[in-house]
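Okay, here's what each chain looks like letter by letter:
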Amino acid sequence: MIGLSPTEISFDATTGALSPATGRYRKHLSHLEGAFRDVDAWSRVIQEGGDPLVYEVMEYKKEGSDLFFGTTTMQPGKVGEEYFMTRGHFHLSRDMGEFYCTQHGKGLLLLQNREGKSETVEMREGSCAFIPPDWAHRSINTGSVPLVFTWFCNVLAGHDYDPIATQGMRMLAVERCGKVELVPNPNFL
Ligand code: M6P
Ligand code: ZN
């Protein structure tokens, strides 16, 4: 790691655009098959809503560095009563956590440990969330504008999607009577 040069990377706090970026991807609703409880609503929003963009991730990784960071920009929206959210993952390296710092919008960070204990941290402008090692994490846009956050992580952390893709998370974030509610996921055993 000796010999790496200091670098400035700029980001736009309202769009999440990163410059320079070394990677980026977009997730549209059709890429999130199985993530939302209401499968009929999921198909309907894809067909009638033109397969909307749910989130975009941009990252900056310096070759040879132990750390990297990026932005995630989540669009507002719902599938049935459930808010747009990320897939959610554990880290492959179980001893590595992460930080999320919210730049714009509002949301919920839903966390779950290996024993199925569920916790949330509010995501709002000017707040950061610490994600402890071996806690699964999923971000949820509960607002009406894009939720933009920066994240900081070890390059060796890796993504383990299987447990959440298979079982989902214990809690769901839904809108009921115009309010954000966390309700138990009937499909989580
Ligand atoms: C955050 C980070 C990324 C992650 C992204 C989307 O920005 O944790 O590493 O890829 O969220 O989440 P997911 O990979 O679970 O879809
Ligand atoms: Zn992560």
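Residue numbers here run from 1 along each chain, matching the order of that chain's written sequence. As they are written, the chains are lettered A onward and the ligands numbered 1 onward, keeping that order. In keeping with the predicted nature of the model, local features appear solely for residues at pLDDT of at least 70, side-chain atom pairs appear and are counted solely at 80 or more, and the whole-chain, interface and lining totals rest on all residues. Working from all heavy atoms in the structure, the side-chain values ignore hydrogens and water.

Visitor: Residue-level account of the site of ligand 1, with values.
Guide: By convention in these notes, a residue is near a molecule or strand provided one of its non-hydrogen atoms lies within 4 Å of it. Among the 14 residues in the neighbourhood of ligand 1, the closest are listed as Tyr55, Thr72, His89, Tyr100 and Tyr161. Polar contact criterion, stated in full: a pair of N or O atoms within 3.5 Å, where within protein one must be able to donate a hydrogen and the other to accept it, and residues adjacent in sequence count only if both atoms are side-chain atoms. A distance of 3.0 Å separates an oxygen atom of ligand 1 from a polar atom in the side chain of glutamate 98. Side-chain polar atom of tyrosine 100 to an oxygen atom of ligand 1: 2.8 Å apart, as the coordinates give it. Note on areas: Shrake-Rupley, 1.4 Å probe, and residue coverage restricted to the protein chains presented here. In the complex, the protein chains occlude 98% of the 370 Å² of accessible area that ligand 1 would expose alone. Counting from the N terminus, the helices are DSSP H or I runs at least four residues long and the strands are E runs at least two residues long. Of all the secondary structure elements, the ones that give two or more residues to the shell around ligand 1 are β4 (53–61), β9 (98–104) and β14 (147–154).

Visitor: Can you break down the sheet that holds strand β12 (residues 128–131) residue by residue, with the values?
Guide: Spatially, six strands are ordered β3-β4-β5-β14-β9-β12 in an open sheet, and the strand pairing comes out antiparallel. Each of the sheet's edge strands pairs with one partner strand only, and the pair in question is β3 (23–28) and β12. On average, adjacent strands in this sheet sit at an angle of 20° to one another, irrespective of strand direction. Between any two strands, pairing holds if DSSP finds at least two bridges. Here an axis means a line fitted to C-alpha atoms, over the contact stretch when the element is a helix, while the angle between two N-to-C directions is reported on a 0 to 180 degree scale.

Visitor: Hey, could you go over the state of the cysteines for me, with residue numbers and the actual values?
Guide: Cysteine sulfur atoms are paired as a disulfide whenever they fall within 2.5 Å. All chains considered together, the criterion is met by one disulfide. Between the sulfur of cysteine 101 and that of cysteine 128 lies a disulfide, 2.3 Å long from S to S. In this structure the cystine formed by cysteine 101 and cysteine 128 twists about its S-S bond by roughly 110°; its chirality is therefore right-handed. Residue cysteine 101 is found in strand β9, and its partner cysteine 128 is found in strand β12; the two are separated by 27 residues along the sequence. For cysteine 153, which is in no disulfide, the shortest distance to another cysteine sulfur is to cysteine 101 and amounts to 12 Å.

Visitor: Could you give an account of the packing of aromatic side chains, with specific residues and numbers?
Guide: Only rings of Phe, Tyr and Trp enter the pairing, Trp through its six-membered ring, and a pair is recorded when the two centres are within 6.5 Å. The plane angle decides the type: under 30 degrees is stacked, over 60 is edge-to-face, the rest tilted. In total, this model carries four aromatic pairs according to the counting rule given. Aromatic pair phenylalanine 69 and phenylalanine 152: ring centres 5.6 Å apart, planes at 10°, arrangement stacked. Highlighted residues: phenylalanine 69 in strand β5 (residues 67–74) and phenylalanine 152 in strand β14, separated in sequence by 83 residues. Look at phenylalanine 69 and you get buried, because its relative accessible area is 13%. Exposure is judged per residue with a 1.4 Å probe applied to protein chains only, and the accessible area is read against the type maximum: over 50% gives exposed, under 20% gives buried, and values in between give partly exposed. Looking at phenylalanine 152, the relative accessible area reads 35%, which means it is partly exposed. Seen from their ring centres, tyrosine 100 and phenylalanine 149 are 4.5 Å apart, and the 35° between their planes marks the pair as tilted. Pair noted here: tyrosine 100 is in strand β9 and phenylalanine 149 is in strand β14, with a separation of 49 residues, a long-range link. We classify tyrosine 100 as buried; its relative accessible area is 7%.

Visitor: Mind laying out the coordination of the zinc ion (ligand 2), listing which residues take part and the relevant values?
Guide: For Na, K and Ca the donor cut-off is 3.2 Å, while for other metals it is 2.8 Å, and in both cases only N, O and S atoms qualify; water is not among them, so sites may look incomplete. Looking at the zinc ion (ligand 2), one finds its protein donor set to be His89 (NE2), His91 (NE2), Glu98 (OE) and His137 (NE2), positioned 2.1 to 2.2 Å from the metal centre. Read in sequence order, the donor residues coordinating the zinc ion (ligand 2) give the pattern H-x1-H-x6-E-x38-H. With a gap of 48 residues between them, histidine 89 in the loop between β7 (82–83) and β8 (90–91) and histidine 137 in strand β13 (residues 135–141) connect regions that are remote in the sequence. Accessibility classification places histidine 89 together with histidine 137 in one group, the buried group.

Visitor: Describe in detail the side chain of aspartate 160, supporting the description with residues and values.
Guide: Locating aspartate 160 in the fold gives a position in strand β15 (residues 159–160). Only four residue types enter the tally: Lys and Arg on the positive side, Asp and Glu on the negative side; His and the chain ends are excluded. The salt bridge definition used is simple: a Lys or Arg side-chain nitrogen within 4 Å of an Asp or Glu carboxyl oxygen. Buried and unpaired, aspartate 160 has arginine 114 as its nearest opposite-charge partner, separated by 4.2 Å. Among the polar contacts listed, one links the side chain of aspartate 160 to the backbone nitrogen of aspartate 162, at a separation of 3.4 Å.

Visitor: Any details on the pairing of β5? Residues and values, ideally.
Guide: Most of β5 is tucked away: seven of the eight residues are buried. Pairing between β4 and β5: seven bridges, direction antiparallel. Counterpart to tyrosine 60 in the pairing with β5 is phenylalanine 69. Between the end of β4 and the start of β5, which pair antiparallel, lie five residues, with glycine 64 showing a positive phi angle near 95°. Note: β5 against β14, eight bridges, orientation antiparallel. Looking at the pairing, threonine 72 lines up with phenylalanine 149 of β14.

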